[in-house]
Number of protein chains: 2
Amino acid sequence: MRLCEALKKHISDGYYPAHMPGHKGDPRYSFLGDILKYDITEIDGLDDLHNADGVILESEKFAAGLYGVKETHFLINGSTVGVLCAILGVTKPGDKILVARNCHRSVYNAIEVNRLDVRYVYPEMAEDIGIFKGITSEPVEESLKKDPQIKAVIITSPTYEGISSDIAGIAETVHRYGAVLIVDAAHGAHFGFNEDFPEAAGIQGADIVINSVHKTLPAPTQTALLHINDIHGVKVDSKEIKRQLSIYQSTSPSYLLMAGIDNCLSIVSEHGEELFEQYLYNLKRFEDRASKLKNIKVIGRKLLKDQYGIENGDPCKLLICSSGLNKSYCMSGRELYDILRREYHIQPEMAADRYCLLIMTIMDTREGFDRLINALECIDEKFSDGYTPFMTGTDDERAGVFGSENNVYGGINGILYGSRPVRRMSAYEAVDRPSYYVRLEEAAGRISASYIYLYPPGIPVLVPGEEISEEMAAAIGCSTDRGLNVLGLKDNKEIRVHG
Amino acid sequence: MRLCEALKKHISDGYYPAHMPGHKGDPRYSFLGDILKYDITEIDGLDDLHNADGVILESEKFAAGLYGVKETHFLINGSTVGVLCAILGVTKPGDKILVARNCHRSVYNAIEVNRLDVRYVYPEMAEDIGIFKGITSEPVEESLKKDPQIKAVIITSPTYEGISSDIAGIAETVHRYGAVLIVDAAHGAHFGFNEDFPEAAGIQGADIVINSVHKTLPAPTQTALLHINDIHGVKVDSKEIKRQLSIYQSTSPSYLLMAGIDNCLSIVSEHGEELFEQYLYNLKRFEDRASKLKNIKVIGRKLLKDQYGIENGDPCKLLICSSGLNKSYCMSGRELYDILRREYHIQPEMAADRYCLLIMTIMDTREGFDRLINALECIDEKFSDGYTPFMTGTDDERAGVFGSENNVYGGINGILYGSRPVRRMSAYEAVDRPSYYVRLEEAAGRISASYIYLYPPGIPVLVPGEEISEEMAAAIGCSTDRGLNVLGLKDNKEIRVHG
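Described below are features of the structure shown in this document. (Residues numbered from 1 in each chain as written. Chains lettered and ligands numbered in written order. Predicted model: local features only at pLDDT ≥ 70, side-chain atom pairs only at ≥ 80, totals over all residues. Heavy atoms only, no water.)

1. With respect to the layout of surface pockets
Residue and element names in this part refer to chain A.
Piece 1. Of the volumes computed, that of the second largest pocket is approximately 1,000 Å³.
Piece 2. Every element with two or more residues in the lining of the second largest pocket is listed here: α3 (78–90), α8 (213–216), α12 (333–344), β14 (350–351), α16 (411–418) and β20 (486–487).
Piece 3. Among the elements that make up the lining of the second largest pocket, the one with the highest residue count is α3 (4 residues).
Piece 4. Considering only residue class, the lining of the second largest pocket consists of 20 nonpolar, 20 polar and 10 charged. (1 Å grid on protein atoms, 1.4 Å probe; cavity = no way out; pocket = protein on both sides within 12 Å on 5 of 7 lines; lining within 4 Å. Points joined across faces, edges and corners; volume = space filled by probe spheres on them. Helix = DSSP H or I, 4+ residues; strand = E, 2+ residues; numbered from the N terminus. Nonpolar A, V, L, I, M, F, W, Y, C, P; charged D, E, K, R; others polar.)

2. Observations regarding the sheet that holds strand β18 (residues 452–454) of chain A
Piece 1. The strand order across the open sheet formed by 3 strands is β19-β18-β20 (chain A), and the pairing between neighbours is antiparallel. The sheet terminates laterally at β19 (459–462) and β20 of chain A, the two strands that pair on one side only. (Pairing = 2+ DSSP bridges.)

3. Focus: the interface of chain B and chain A
Piece 1. On the side of chain A, 89 residues touch chain B, which itself brings 89 residues to the contact.
Piece 2. Note on chain B versus chain A: buried area summed over both sides is about 8,100 Å², and carbon and sulfur give 55% of it.
Piece 3. Contact with chain A buries area across many residues of chain B, yet B:Tyr16, B:Tyr29 and B:Phe31 alone supply 11% of it, more than any other trio.
Piece 4. For the interface between chain B and chain A, the tally reads 8 salt bridges.
Piece 5. In this structure, B:Asp44 engages A:Arg334 in a salt bridge whose closest nitrogen and oxygen atoms are separated by 3.4 Å.
Piece 6. The tally of links from chain B across to chain A stands at 62 residue pairs in polar contact (both at pLDDT 80 or more).
Piece 7. No other element matches the 9 residues that helix α10 (residues 255–290) of chain B contributes to the side of chain B that touches chain A.
Piece 8. Examined bridge by bridge, strand β1 (residues 16–18) of chain A and strand β13 (residues 346–348) of chain B share 3 bridges and lie parallel to one another. By the bridge assignment for β13(B), A:Ala18 is matched with B:Pro348. (Contact = heavy atoms within 4.5 Å. Buried area = accessible area lost by both parts, 1.4 Å probe. Salt bridge = Lys/Arg side-chain N within 4 Å of Asp/Glu carboxyl O. Polar contact = N/O pair within 3.5 Å; in protein donor to acceptor, adjacent residues only side chain to side chain.)

4. Section: the environment of A:Phe197
Residue and element names in this part refer to chain A.
Piece 1. Mapped onto the elements, Phe-197 comes out in the loop between β8 (180–184) and α7 (201–204).
Piece 2. Given a relative accessible area of 6%, Phe-197 falls into the buried group.
Piece 3. Separated by 263 residues in the primary sequence, Phe-197 and Pro-460 have C-alpha atoms spaced 28 Å apart.
Piece 4. Every residue in contact with Phe-197, bar those within four places of it in the chain, is listed here: His-190, Phe-191, Phe-276, Tyr-279, Leu-280, Asp-314, Pro-315 and Cys-316. (Buried < 20%, exposed > 50% of the residue type's maximum accessible area, 1.4 Å probe, protein only.)

5. Regarding the packing of helix α2 (residues 55–67) of chain A against helix α10 (residues 255–290) of chain A
For any two helices packed against each other, the geometry is given by the interaxial angle and the distance between the axes.
Residues and elements named next belong to chain A.
Piece 1. Running from N to C, α2 and α10 cross one another at 40°; their axes reach a closest spacing of 10 Å. Both α2 and α10 take part in a crossing whose hand is left-handed. Residues Ile-56, Ser-59, Phe-62, Ala-63, Leu-66 and Tyr-67 of α2 lie in contact with α10, whose contacting residues are Tyr-255, Met-258, Asp-262, Leu-265 and Ser-269.
Piece 2. A breakdown of the residues in the contact of α2 with α10 according to their chemical character gives 8 nonpolar, 2 polar and 1 charged. (Axes fitted to C-alpha atoms, helices over the stretch in contact; angles between N-to-C directions. Left-handed = near helix turned anticlockwise from the far one by under 90°.)

6. A few points about the relation of the copies chain B and chain A
Piece 1. Rotating chain B by 180° about the axis while translating it 0.0 Å along that axis superimposes it on chain A, leaving an RMSD of 0.0 Å. Considering both components of the superposition, the chain copies are consistent with a two-fold axis.
Piece 2. Most of the interface of chain B is mirrored in chain A, where 100% of its interface residues are also at the interface. (Least-squares fit on C-alpha atoms with pLDDT ≥ 70 in both.)

7. Some thoughts on the nonpolar core
Piece 1. Grouped together as the largest cluster of nonpolar side chains are 148 residues, with contacts concentrated most on A:Phe286 and B:Phe286.
Piece 2. If sequence neighbours within four positions are ignored, B:Phe286 has contacts with B:Val298, B:Leu318, B:Phe369, B:Leu372, B:Ile373 and B:Leu376. (Core = buried A, V, L, I, M, F, W, Y, C linked by side-chain atoms within 4.5 Å.)

8. Side note on the pairing of strand β4 (residues 117–121) of chain B
All names here are of chain B.
Piece 1. By the bridge criterion, 5 bridges tie strand β3 (residues 96–100) to β4 in an arrangement that is parallel. If you follow Ile-97 over to β4, its bridge partner there is Val-118.
Piece 2. Assessed by its sense of winding, the connection that carries the chain from β3 through helix α4 (residues 105–113) to β4 is right-handed. (Right-handed = clockwise from strand over helix to strand, strands pointing away.)

9. A closer look at unusual backbone geometry
Trans is the prevailing form of peptide bonds, just as negative phi is the prevailing case for residues other than glycine.
Piece 1. A cis amide bond links A:Ser157 to the next residue, A:Pro158, at an omega of 0°.
Piece 2. Mapped onto the elements of the fold, A:Pro158 is located in the loop between β7 (152–156) and α6 (167–176).
Piece 3. Phi angles above zero are rare outside glycine, and A:Asn492 is one such case at about 60°.
Piece 4. Position of A:Asn492 among the secondary structure elements: in the loop between β20 and β21 (494–498).
Piece 5. Residue B:Asp47 is not a glycine yet carries a positive backbone phi of 65°.
Piece 6. When you line up the elements, B:Asp47 lands in the loop between β1 (16–18) and α2 (55–67).

10. Looking at helix α9 (residues 238–248) of chain A
Each α-helix turn comprises 3.6 residues. Residues three or four places apart therefore point the same way.
Piece 1. With 8 of 11 residues buried, α9(A) is to be regarded as a mostly interior element.
Piece 2. Every buried residue of α9(A) is listed here: A:Ser238, A:Glu240, A:Ile241, A:Gln244, A:Leu245, A:Ser246, A:Ile247 and A:Tyr248.

11. Points about the sheet that holds strand β4 (residues 117–121) of chain A
Strand pairing within a sheet occurs via backbone hydrogen bonds; the two strands may be parallel or antiparallel.
All names here are of chain A.
Piece 1. What the 7 strands build is an open sheet, ordered β2-β10-β9-β8-β7-β3-β4; its pairing is mixed. Edge positions in the sheet fall to β2 (71–75) and β4, since each of these pairs with one other strand and no more. Neighbour to neighbour, the strand axes of the sheet diverge by 20° on average, direction disregarded.
Piece 2. Set on the sheet, α2 makes contact with β2, β9 (208–212) and β10 (224–228); between it and β2 the angle comes to about 120°.
Piece 3. Here α6 sits on the sheet and contacts β7 and β8; the angle it forms with β8, its principal contact strand, is near 155°.

Structure, rendered in structure tokens:
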């Protein structure tokens, strides 16, 4: 019996709860109402996340089967804890690790916790729009050849924008050098269930894969899966990873979250076929209408391939931008985001400088897609008529502080993510040393003592220990003005530095 | 505006969610139904847990006001992450720390992560029943005098069984030596709201306090609060603690959990007075009837004081045992637990060797207490008639393998928790060294390479690096036979050792 079923049985059995949690399933006063009954603790018959041998283990085995991996662990502290424990589980303090520079903050945290000796592989940027392309096996092989002691390689695939790396090729390379491949596939939990979607990372040869089930599948926020494989010749010490998870996940795990994962697995296995087909049908209708827009461009799989040579885009990620990307009159991602939100009550996922990102999933209905395309058609039409009440700044300002040469290169996102800061010391050294704040204008040439990142998705543009270039300081200074959410500064104006 | 209100407003505004989470608030297929609408992500107006400056910060400030502390942080990864981050936030690797030996596993994890140099203070045991008494300031002062470089002191108060330490006295002592006092008050979130309950730890002078709101207040499981104080002369670096929290808590925090905390704060502030009074009234009725039981003993505040000299017991913890504690015919905690569960459909919190623990809260109603006392009266009566179908083993077996002398001392819990294993190396050294499994019968004299603990609550009886005494090996071997839940063994029979 799996977790959800066991939980329902326990509830219907009508035990009086002389135990935690303190709400006792009583719906009075709580917005959670009768759902509180599902919020139980680790009592008889309901297993124990950290030592699963009953209904939770059954659910985890079911997940492993669905994703075609050896074993799966439920995460109730997000992909964050999965990435952390995967890295801590396969490295010893001081080990060498190869990291894609566009990894999530949690990867950098793991590096700091285990004081790892980090090497980077830099993904290329897609011009104009400023998003990361996928990583190929060549730069990975180059790094491994130079540093064969590298213990683990970690990449993010797909990215926040849905761009996949060549996992199969990278896995083959990494295994040839005896290292472990960890794939942060937080945004790829929905891969592998329909042939129009990319394959799952585990199937392609990754040794450890982390999936956020809440991001692109119908599961509650903060839930994720950690998969471990051993069919590819590299032995991962799954006991050590479990030990790390038992340190960094609550010993009072939420049954709402765990049952939410189990429930999500059931939805995928029982209704997935129909839901994915329906999704693709609705998307096709949407894309047909979107292709007729004149001033608004919806960058989906087709445009990614035709325009940027990017294969295998995620059909669930839509980048919305105005078509004249490199001209001064284009709307910023923030403006599009604000218009969608304020005028059409559509809440996008994120605003980048040049686009705004929408995440659509198998739970989006035809009506949802219609509401979206109607809004985009409306904006497109107003834009055609020269009606641009939402444009801010003068043409010169809008051309960007960086001049046309930089500006064509993906806007501020392109500058922030595309530059390769010089590393002057390790992140943990930089964090430990005394530091002070300076204004961004005075930061050039100094060494950052903080992580500076755009949120979401939380990829650092500066890591502690890296030198701040003049261009970087200016781009950071500009990005808050352009409505991007920059974290790590003080009052949006000062940065913590050494030297 | 606080979080819950903002969330309700966002829902009623009817935005179309072109963002995570993937369920899109669609109640189809999910047991969470319409509650999914509350499970939102960090979008405009709903703040960001790791950089709170809006509605989450407002809720955290409200919490700080309720508990009378300087600042409060919401935890969505349980008290586990609070304890971990509190310790990592106030120590540097290798620092000295003074730890009450009955602390939760998470304290030992923090020691291992930061490779701390640990000193223990041992709480006394209450005879007969085998529970920890509170800690006084004397042994703390003794340790600090011996090792004035100790940076932090951490104690658990109240314990799982509701026993408080002399926090005010300990705080005064700790501050005199310039150290920081951390109180793991996971089981004390409900203290300080009614004069018949103990005072909150922050008010008594602790510098950092961790409360699980889900354990004894009406909040969803896995939610907790970390309070920081600075009114007692010791400066805690709250930025460093926040930095640690941003490493070890998900960057996709659950709004169900966060709103659940905020909702709980509202319940306490708006209905707390009435709910606590009602609770005490119901408890009084229950205790009056319980005092007339002949063979079953309910150990609450009064008996704790009269029989064991323990002041300030938690009115929400009830220890149920058979009255002839040190006689061979007494029922074990496991038997009482099983009878309550199987015959009366009352689910207790935990079975110890000599008692079973019930957690009652302000959400328990008069009907709940009645159901409980009716069951206990029924068991009591059957027991009087000599009807003991639930007793297992012969009288000799029941007298215990350890002979009467040990047996009077709190049963197996008393032996496991009461012994003070000799430390032969640090826990992290022991974990790093090669080790192997031996049968418990052959373990005496060897060094443990694992944590062995009873769960719940998760207090280690053996820490890696400690020598396994003959008595300890026998007690561990026996405890699984007596229905206690021992973690850290292999197949309940083998233990990982060095030497």
